[in-house]
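# Remarks on the overall topology
Okay, here's what each chain looks like letter by letter:
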Amino acid sequence: MTSQQAAKNFKKSTVPGVLITQFVDDIPEGCSTPDFERKPLTLTLQEGKNAVFRGVVTGVPTPAIKWTRVQGGMDDPAKYETFFDSVTREFVLQINNLTTKDSDLYRCFAVNEYGEASCSAGLRIIQVGFKRKAKYVPVHAADELKKKLQDSRRMLKKRAPLPKPKPLDKEAVWQLLLHADRRDYEKICLKYGIVDFRGMLRKLQELRKDTETEQGELIHSIKNFEHIKVNREGNATFSLEMDLKNSKSKVYLLKDGERLRYGTGDEYRKHCLRQIGKKYNFIVNDVQPEDAGVYQVRVEDVPVFSTELDVESIPVRFEKPLQDVRCPEEGDAVFECILRTPCYDAVWLHRTHPLEPSERHQISATPDGLTHKLVVKNVVPPDNGMYTLDTGLCSSNAWLIVEQPVQVEYNM
């Protein structure tokens, strides 16, 4: 049974954020695919504390549980403790003695013979002793505004580091270079620690010859590579044209070296292949930060194309944008929006002025980085105008209209 045949369809969980994959067509009576009755929650903790993720899982037979993280392995048993609490029926991951390097997205997988359920929870570490400077500086020029936004995000990122790239084996890095544009060589070498640039070019020439020989046994021709891009709808796509010598040759999709199940029909799947003649279009639907990584296409066991999805290229999208607010003078105006993907370094602006937390401007965000709120206290007419939440890649704005009391005149 191939990986494509093994995964038949996705099922909807009653818990938002849980993805269920059913492996078989028919499930025997009394059995079920795994699901989360309660999924782990995103946490924000200080350095030195212990993080405890808890989840309640259902499924017959009882699913096996596996925890992973985006940034790499979890092989240190003193650092990562996993166990089952028989009293609360919770599967637990405890991460001890937190440091800023532990900021990441953690995934929990529950698997039995009939399917798999998975979900993610974020962990954000706050550096002990870090204090945000409350400061308001009027700005007028566009370049000054841009600098102010960059400074604000840089300050916030000290508390919420972006995920680092997952460690790759050397072969994966060379395959990435093999299919990269020459203009991207330097960026890839810096990212993955290759310092001998000339040596890299020599090795690529040798690797290209060996690859062409291997591919020649399975493929008539391969061309028109298109690297991964994310569209406005939040779906990532990449493609290539390939003429196989044997139409029954297996085509595999991998992410960071792990084989992915993908769909080829009209049903919704996280990973899909849409083939039109000799063109192979791969799609990653509804990309999230944990989808970042190196994607590779293989024919049988021969790699034919590699491309990388950077976490920075995954757009922050709005589930619920800002709405206009009408508020009486001396009342409190509340702006709130919900993102589809987490953002920990968003900046609020009034007209073109970045806002800092203060008694009058109360700025908050939920620990999962999705819901952002601004409360303007005791509004006065100068507070009129447009308010914006800027994530760096996109923004949402709405107007505040301060309603002044109506003056009634009486004729005597």
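If you're wondering where the values come from, they're calculated on a predicted model, not measured in any experiment.

Let's shift gears to the packing of helix α3 (residues 170-178) against helix α4 (residues 185-192). Between α3 and α4, the shortest axis-to-axis distance is 10 Å and the interhelical angle comes to 170°. Classified by the angle between their axes, α3 and α4 sit roughly antiparallel to one another. When the axes of α3 and α4 are compared, the crossing they make is right-handed. Here α3 contributes Val173, Leu176 and Leu177 to the contact with α4, which in turn contributes Tyr185, Ile188, Cys189 and Tyr192. Of the residues that constitute the contact of α3 with α4, the class distribution is 7 nonpolar, no polar and no charged.

Within the open sheet, the 4 strands sit side by side as β11-β12-β16-β15. Their pairing is antiparallel. Unpaired on one side and paired on the other, β11 (219-230) and β15 (271-276) mark the two borders of the sheet. Shown here is a sheet whose adjacent strand axes are inclined to one another by a mean of 15°, direction ignored. Across 6 bridges, the pairing between β15 and strand β16 (residues 279-284) is antiparallel. Of the residues in β16, the one forming a bridge with Arg274 is Asn281.

Here we take up the nonpolar core. Core analysis: the biggest nonpolar cluster contains 27 residues, and Met242, Val251, Phe282 and Val297 have the highest contact counts within it. Elements represented by at least two residues in this core include exactly β11, β12 (236-244), β13 (251-255), β16, β17 (293-299) and β18 (302-309). Counting residues per element, this core draws most heavily on β12, at 5 residues. When residues no more than four places from it in sequence are discounted, the contact partners of Val297 are Phe238, Leu240, Val251, Tyr252, Leu253, Phe282, Val302, Pro303, Val304 and Phe305. In this structure, Phe36, Phe53, Val57 and Ile125 belong to the second largest nonpolar core, which totals 23 residues.

Rules used in this analysis
- Residues numbered from 1 in each chain as written.
- Predicted model: local features only at pLDDT ≥ 70, side-chain atom pairs only at ≥ 80, totals over all residues.
- Heavy atoms only, no water.
- Axes fitted to C-alpha atoms, helices over the stretch in contact; angles between N-to-C directions.
- Helix = DSSP H or I, 4+ residues; strand = E, 2+ residues; numbered from the N terminus.
- Parallel < 35°, antiparallel > 145°, perpendicular 65-115°, else oblique.
- Left-handed = near helix turned anticlockwise from the far one by under 90°.
- Contact = heavy atoms within 4.5 Å.
- Nonpolar A, V, L, I, M, F, W, Y, C, P; charged D, E, K, R; others polar.
- Pairing = 2+ DSSP bridges.
- Core = buried A, V, L, I, M, F, W, Y, C linked by side-chain atoms within 4.5 Å.
- Buried < 20%, exposed > 50% of the residue type's maximum accessible area, 1.4 Å probe, protein only.

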